[in-house]
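Overview (structure and organization)
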Amino acid sequence: MHKTIAVIRGDGIGPEIIREALSVLEKIAEKFGHTFTYTDVEMGGCALDKYGDPLPAEELEKCLRADSVLLGAVGGEKWNDTPGDKRPEKGLLRLRAGLGVYSNNRPAKIWKQLASASPLKEAIVERGIDFIIVRELTGGIYFGEHKTEGDTATDVLRYSEAEIERIARIGFETAQKRRKKLCSVEKSNVLDSSRLWKKVMHKIVADYPDVMLTDMLVDNCAMQIVKNPSQFDVIVTENMFGDILSDEASQITGSIGMIPSSSLGATARGLYEPIHGSAPDIAGKDIANPIGTVLSAAMMLRFSFNMEKEAQAIEDAVSAVLDEGWRTADIMPGDAEEAALCRQVGCSGMGQKILEKL
Ligand code: IPM
Ligand code: MG
């Protein structure tokens, strides 16, 4: 099969983690007889510096012409004082909106090899951590009006029924393919948008009689994720709650560096990115963990290109490398005895190990 991939290296550690993911994709192409062609797209701080715009229209066009989009990370302290509408992150938000990828899928799954890296008590980890956060990605407070007038700032959180319904359906369908438990997370004791959210969830549950729907307030959910994460199968929630809860969920699995994500809309074209940021403090030092990006590339093969075997081959290779004890700095065990059984590698070293397994 021939597929075109728009590649956004971005800022900070973005270029190094993307480099490893591309070598893995090339290996897959060779092994399974595919051809992938790549188009470089500039977005984020690097685009802002060069063009004065974090996502020039032409760069978005390149993504819209590709079969899928792979992204490293954007942003950094350097642009902290940039006005909101020009920040690197704004490029990312415009990309998500421009691609129409309203459904963001963020797995929180513990790798057995890294169980000891979880900050949770062993007894909690042993019950299993394997859930998915389905985050609404193109609406809510991220996309409402933002303004500052004098000493007052306003951000608008708005959702229409249609926007809620389409993400709700993704939540139900995701649960149907798993353990059939969907937890809808909102703040309906305070927010109108959350009351509408809850109402829509309970309206369409009738179409999914095999799924058990529960409701949870977001503050309680934040607590339950650390207290009893094994209760969750699929969580569906609005944009900002999903942003916050997915960082929390990533930490209980050991490292944010391991977590991939997929964002999809009405077509097969998706946006695939690790959930971590651009980590400017470690950029260029060859110590970043490329696994979140490599696994995002695997998700792209599975969800956009329908290449299940190929995706599985990447995931198995990552697992085999972890089995052998290879670790980037962020996933080295804290315990000295355990650390002695592991070997530390850098970003390119980890990529190399994954390639060898493939
Ligand atoms: C994420 C990030 C982004 C978000 C930022 C960089 C805009 O935190 O993908 O979770 O808030 O969506
Ligand atoms: Mg985030």
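Before going into details, it helps to say that this report is about the structure given with it. Note that this is a predicted model, so its numbers are computed, not measured. (Residues numbered from 1 in each chain as written. Chains lettered and ligands numbered in written order. Predicted model: local features only at pLDDT ≥ 70, side-chain atom pairs only at ≥ 80, totals over all residues. Heavy atoms only, no water.)

This part covers the overall build of the chain. Along the chain, the regular secondary structure elements total 13 helices and 14 strands. Here the C-alpha radius of gyration of the chain, 20 Å, is about what a compact globule of 358 residues would show, namely 21 Å. When each of the 358 residues of the chain is scored for burial, the buried share is 53%. Summarising the internal contacts of the chain: among those between residues at least 6 apart in sequence, 75% fall at separations of at least 24. Of the roughly 15300 Å² of accessible surface on the chain, 52% is carried by carbon and sulfur atoms. (Helix = DSSP H or I, 4+ residues; strand = E, 2+ residues; numbered from the N terminus. Rg over C-alpha atoms; globule rule 2.2 N^0.38 Å. Buried < 20%, exposed > 50% of the residue type's maximum accessible area, 1.4 Å probe, protein only. Contact = heavy atoms within 4.5 Å. Areas by Shrake-Rupley, 256 points an atom, 1.4 Å probe, with all protein chains shown as cover.)

Let us now look at the pairing of strand β1 (residues 2–10). Sheet topology places β1 next to strand β2 (residues 35–41); 7 bridges connect them, and they run parallel. Pairing of Lys3 across the sheet is with Phe36, part of β2. The sheet contact formed by β1 and strand β3 (residues 68–73) spans 5 bridges and is parallel. Residue pairing in the sheet places Ile5 in a bridge with Ser68 of β3. (Pairing = 2+ DSSP bridges.)

Our next topic: the nonpolar core. Leu25, Phe36, Leu70, Leu301 and Ile354 are the most contacted members of the largest nonpolar core, which has 39 residues in total. When residues of this core are traced back to their parent elements, those giving at least two are β1, α1 (14–32), α10 (291–303), α11 (308–323) and α13 (347–357). Broken down by element, the residue count for this core peaks at 8 residues, all from α10. If we ignore the near neighbours within four places in the chain, the residues touching Leu301 are Leu25, Ile28, Phe36, Asn306, Met307, Glu310, Ala311 and Ile314. (Core = buried A, V, L, I, M, F, W, Y, C linked by side-chain atoms within 4.5 Å.)

Near ligand 1 you find Glu89, Arg96, Arg106, Arg135, Tyr142 and Asp243, and these make up its full shell. Here an oxygen atom of ligand 1 sits 2.8 Å away from a polar atom, N or O, in the side chain of Arg106. At 2.6 Å from an oxygen atom of ligand 1 is found a side-chain nitrogen or oxygen belonging to Tyr142. Class assignment for the residues of the shell around ligand 1 results in 1 nonpolar, no polar and 5 charged. (Near = heavy atom within 4 Å. Polar contact = N/O pair within 3.5 Å; in protein donor to acceptor, adjacent residues only side chain to side chain. Nonpolar A, V, L, I, M, F, W, Y, C, P; charged D, E, K, R; others polar.)

Right, let's talk about the environment of Thr237 for a bit. Structurally, Thr237 is set in strand β10 (residues 234–237). For Thr237, a relative accessible area of 0% puts it in the buried group. Among residues more than four places away in sequence, those in contact with Thr237 are Ile133, Val134, Arg135, Glu136, Val185, Trp197 and Gly242.

All right, on to the sheet that holds strand β9 (residues 212–217) then. Spatial strand order, β2-β1-β3-β12-β11-β4-β5-β10-β8-β9: 10 strands in an open sheet with mixed pairing. A strand with exactly one partner marks an edge of an open sheet, and here the two such strands are β2 and β9. Neighbour to neighbour, the strand axes of the sheet diverge by 25 degrees on average, direction disregarded. As paired elements, strand β11 (residues 262–264) and strand β12 (residues 270–272) share 3 bridges and run antiparallel to each other. Considered in β12, the bridge of Ser263 is made with Leu271. In the packing of helix α8 (residues 218–227) onto the sheet, the strands contacted are β5 (130–136), β8 (181–186), β9 and β10, and the crossing angle to β9 comes to about 105 degrees. (Axes fitted to C-alpha atoms, helices over the stretch in contact; angles between N-to-C directions.)

Each packed pair of helices is defined by two parameters, the angle between the axes and the distance between the axes. At a closest axis distance of 8 Å, the pairing of α1 and α10 adopts a crossing angle of 40 degrees. Classified by the interaxial angle, the pair formed by α1 and α10 is oblique. With respect to the hand of their crossing, α1 and α10 are arranged in right-handed fashion. Along its contact with α1, which presents Ile17, Ile18, Glu20, Ala21, Val24, Leu25 and Ile28, the element α10 presents Thr293, Val294, Ala297, Met300 and Leu301. For the contact of α1 with α10, the residue count by class is 10 nonpolar, 1 polar and 1 charged. (Parallel < 35°, antiparallel > 145°, perpendicular 65-115°, else oblique. Left-handed = near helix turned anticlockwise from the far one by under 90°.)

Looking now at unusual backbone geometry. At Ala279, a residue that is not glycine, the phi angle is positive and equals roughly 40 degrees. Inspection of the secondary structure puts Ala279 in the loop between β12 and α10. Even without a glycine there, the phi angle at Asn306 is positive, about 60 degrees. With respect to the element layout, Asn306 can be found in the loop between α10 and α11. Judged by relative accessible area, Asn306 falls into the exposed class, the value being 69%.

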